[in-house]
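Residues per chain, in single letters:
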Amino acid sequence: FCVSRRSSCPQRQSGFILPRLICSLLCSGAHFAESMGCTALVALPLVESHHTKWGSAASVATGWPSAFPHLSVAISGKPPQVHSYCQGQQQKQLQWRGCSIAAGTVMTTVFVRRSVPTSRRRQRACRLALHALQWNVIESAKADLDEATAELASAASAAVEVGPAVDFGLLVVPARWAGDLAATSQKLRKSMSWPTDVPLVGVQSGGDAGDSEGSLRLGLARGGGKAISFFVSKEQQSEAGAGLAKENPVPGVPDGKHGSFVLFADPKVPGSLTKNLLEALDSRYPSATKAGMMVLPVKSIGRDDAAEEDEWEPPKEARKLRVRDRSDGHGWLRGDPVFTSTSESLASADTLEAEFKRRPFGVKRYTPGIGGKGAMVMDMQDKERYKGDAMGQAATKGVRPGMVLKAVSGRDVRDWAFEDLMDLVSDQGIMDPDSKSAASWGKGGKETRQPVPQAELPVSLEYMLFASDGVGGGKAGLCLNDMPRKDGTVGIAFPAPSFSTLDFACTPFGPQLEVMQSGKNPDGGFAVHSVKVNGKEMPAAAALKGYAKAAGLQSMTGISVGVVRPQVSEATSIASKWAVFPMMGVTKEGGLVLRCKGLAAEGLGADADLKSLQFFKPRAEEGAAEGCKGGSGLAFATTAHALRGVPAGTLGVVAAAVIGAAGDAEPTVLHRQAATFLSFSD
């Protein structure tokens with residue numbers, strides 16, 4: 001376990017590391033050591049230079065916390081002499097475990113593991129730890145949403161002033177406030193002056209929308225390096241694949257040297273498309289950790305009148321509102337926020353006015369509002385690449401995604417047709433020639449609409465700042481930077497590497513059974529009608545009842561059914577071998593109905609190819625959080641039961657599914673089992 005000054009210690013003084021910073025690095029190593037069942041920690045600098053001057057043993061010991069009474073610590077002031085050094089022109093390097101390590105790396109820790117029974121190690125739940133990351137959780141138990149948001153903003157503002165800068169924030173709202181997720185995110189941003197370049201993801205935690213329990217919570221990640229947010233639409237996920245990703249960037253994912261990915265998927269996206277994205281990320285970034293969750297569908301209360309607006313999308317004929325029908329790159333894509341440009345909330349929102357003297361301005365894509373009116377900024381160049389870069393004008397003038405056009409040179413354009421508005425603004429960047437030629441085919445190329453002359457330069461554009469109350473998002477349990485996101489996956493990429501393990505919080509019982517009949521259930525879900533037991537065909541429910549009785553189970557609560565994933569080897573772990581689904585019910589004929597849209601929809605093969613299954617029972621409550629005893633962090637689970645007993649300071653979220661890998665050599669997959677646990681700790 002190596003900690004680098006460059007990635008972990010932003011505070012420096014006269015070229016050397018302060019003792020208190022060394023102490024904080026050791027604390028990070030101690031958290032990790034205890035979580036892995038170790039009793040001793042040895043710390044030593046890898047390179048002796050002006051970059052790695054250690055304080056005296058007394059000064060380091062002064063700041064050492066008493067939180068690790070069972071962990072012995074030894075500190076060395078000299079680098080190990082057993083390594084071979086090679087002198088370079090600018091920096092000194094050494095070889096350690098086959099890797100070349102620069103002189104900026106200041107310490108390594110060696111752990112001594114105590115004897116832990118193998119059975120207990122197998123029972124560990126899922127764990128994801130960013131070593132250089134500090135994780136803080138702030139909570140408000142106020143029953144009123146506005147009061148809870150104000151209390152959370154006040155506490156978060158105080159926390160942000162102390163310690164490293166915030167890299168990423170995760171806002172978790174209970175189910176009863178899920179319809180106000182985007183609005184709450186925006187209020188929090190404005191109340192605490194959230195930095196515009198720091199991603200803020202909002203999700204709803206599990207539960208019933210009418211449940212009065214649950215609190216408003218905010219997790220702050222700091223010290224892990226600049227986090228990059230992205231959104232991969234449903235269409236982009238269909239284009240992703242492991243083969244293409246080896247030589248090409250993953251669609252929708254900014255390419256770079258990423259060490260970790262945290263993913264938040266919309267439940268409307270089929271599991272097969274999420275599988276495409278995960279396979280592409282594994283292929284493109286094999287050493288990076290990928291983990292996350294699929295949010296639960298929102299059960300809205302009192303929003304029947306807004307249901308139609310939430311599901312609005314442009315007509316496929318007669319209008320040029322979709323990207324595929326246009327040649328300028330602008331237009332609607334699935335997953336874009338639904339908004340009304342003339343809403344009262346937008347009209348009363350703050351505004352931003354920017355003057356442009358040359359084209360292009362830097363907005364790559366606008367999207368239309370309900371009825372094809374108005375325009376919202378969806379994609380833009382985020383900075384000026386060089387002095388005088390025309391495509392960086394919008395970014396330098398304060399324009400941000402989510403802003404809605406209000407006026408052009410003083411003329412109110414909120415009620416303008418999207419096509420006319422795009423002609424007037426005429427902000428066209430570097431276009432793909434194929435998109436221009438494709439737009440000329442079919443009815444789109446025969447359109448006789450009279451174009452609107454473009455505005456003369458210099459032109460003044462007035463934007464309305466994003467107002468979540470004017471945007472349809474009642475059915476979106478996910479938002480990014482205050483904008484509801486649907487039909488896709490939100491991701492956060494960290495430069496820092498991470499450590500993760502994943503295991504079931506449920507265990508198999510009974511033998512693996514051959515499936516005789518299965519298929520989609522007319523009333524929803526996927527049904528396993530019959531299985532073979534002792535050479536005879538019998539209803540699946542009857543087989544489950546017999547094996548549950550033999551296993552001594554007193555209740556069917558939490559029972560799940562596992563389906564073998566395609567292309568797995570015998571050495572594959574249980575978590576990677578089985579896709580486990582909760583049961584929805586029983587058919588009249590005695591078949592088991594799984595909470596699953598079918599094998600094909602989940603990327604597990606054809607629906608008719610189900611050959612075998614395995615029954616699973618929930619793990620004992622005291623073992624549900626076995627793998628999360630080394631520090632606070634972020635935990636995802638498919639049931640609230642699995643979140644019991646997690647360390648204080650852990651931000652737990654109940655999800656529809658968990659994303660993760662069961663080991664270093666295992667693929668990243670989607671786990672829908674009833675009790676899966678994943679942690680994210682410092």
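The rules behind these values
Residues numbered from 1 in each chain as written. Predicted model: local features only at pLDDT ≥ 70, side-chain atom pairs only at ≥ 80, totals over all residues. Heavy atoms only, no water. Phe/Tyr/Trp six-rings, centres within 6.5 Å; stacked < 30°, edge-to-face > 60°. Helix = DSSP H or I, 4+ residues; strand = E, 2+ residues; numbered from the N terminus. Buried < 20%, exposed > 50% of the residue type's maximum accessible area, 1.4 Å probe, protein only. Lys NZ or Arg CZ within 6 Å of the ring centre and 35° of its normal. Contact = heavy atoms within 4.5 Å. Polar contact = N/O pair within 3.5 Å; in protein donor to acceptor, adjacent residues only side chain to side chain. Core = buried A, V, L, I, M, F, W, Y, C linked by side-chain atoms within 4.5 Å. Pairing = 2+ DSSP bridges. Axes fitted to C-alpha atoms, helices over the stretch in contact; angles between N-to-C directions.

Asks: Give me the packing of aromatic side chains: which residues, what numbers.
Replies: This model, assessed by the stated rule, comprises 7 aromatic pairs. Ring geometry for F264 and F636: centres 6.2 Å apart, planes at 90°, overall edge-to-face. Taken together, the positions of F264 in strand β14 (residues 260-265) and F636 in strand β35 (residues 634-637) put the pair 372 residues apart, joining distant regions of the chain. The class of F264 is buried, set by a relative accessible area of 0%. Look at F636 and you get buried, because its relative accessible area is 2%. Between F356 and F361, the ring centres sit 4.6 Å apart and the planes meet at 25°, which makes this aromatic pair stacked. Within the aromatic cluster, the residues linked to one another by ring pairs are F230, F261 and Y285. Taking NZ or CZ as reference, R176 lies 4.1 Å from the ring centre of W177, over its face.

Asks: Now, about the environment of A165: what can you tell me, with residues and values included?
Replies: Among the secondary structure elements, A165 is positioned in the loop between α5 (145-160) and β10 (166-173). For the pair A165 and P195, spaced 30 residues apart in sequence, the C-alpha separation works out to 9.8 Å. Residues contacting A165, with those up to four places away along its chain left out, are R222 and G223.

Asks: Explain the side chain of T489 residue by residue, including any values.
Replies: Mapped onto the fold, T489 is located in strand β26 (residues 488-494). Reaching out from T489, the side chain makes a polar contact with the side chain of Q237 at a distance of 2.9 Å. The residues touching T489, leaving out its near neighbours within four places in the chain, are F230, F231, V232, Q237, L263, F264, A265 and L277.

Asks: Can you lay out the nonpolar core for me, pointing to particular residues and giving the numbers?
Replies: Core analysis: the largest hydrophobic core is formed by 27 residues, its most contacted members being Y366, V399, L405, V408, L421, L461 and Y463. Broken down by secondary-structure element, the contributors of at least two residues to this core are β17 (351-356), β18 (363-368), β19 (375-380), α12 (393-396), β20 (404-408), α13 (418-425) and β22 (459-464). Here this core takes 5 residues from α13, the largest share from any one element. Once residues within four sequence positions are removed from consideration, V408 is found in contact with V413, L421, L424, V425, A455, V459, S460 and L461. Among the nonpolar cores identified, the runner-up in size contains 26 residues, and L544, I559, L594 and F615 belong to it.

Asks: Residues and numbers for unusual backbone geometry, please.
Replies: The omega angle of the peptide bond from R359 to P360 is -5°, so this bond is cis rather than trans. Among the structural elements, P360 can be located in the loop between β17 and β18. Looking along the chain, the bond that leaves L457 and enters P458 is cis, with omega of -5°. Within the secondary structure, P458 sits in the loop between α15 (442-445) and β22. In this structure, S409 is a non-glycine residue whose phi angle is positive, near 55°. Positive phi is not limited to glycine here, since D482 has a value of about 80°.

Asks: Can you explain the sheet that holds β14? Please cite residues and give values.
Replies: A sheet is described by the order of its strands in space; here 6 strands give the open sequence β13-β26-β14-β15-β37-β38, paired in mixed fashion. The open sheet has two edge strands, β13 (228-233) and β38 (669-671), and neither has a second partner. Taken over all neighbouring pairs, the strand axes of this sheet differ in orientation by 20° on average, direction set aside. Both β13 and β26 contribute to a ladder of 6 bridges, which runs antiparallel. Within β26, the position partnered with I228 by the bridge is A493. Running over the sheet, helix α9 (residues 271-284) touches β13, β14, β15 (289-294), β26, β37 (657-660) and β38 and is turned about 135° from β38.

Distances and angles like these do not, on their own, reveal function.
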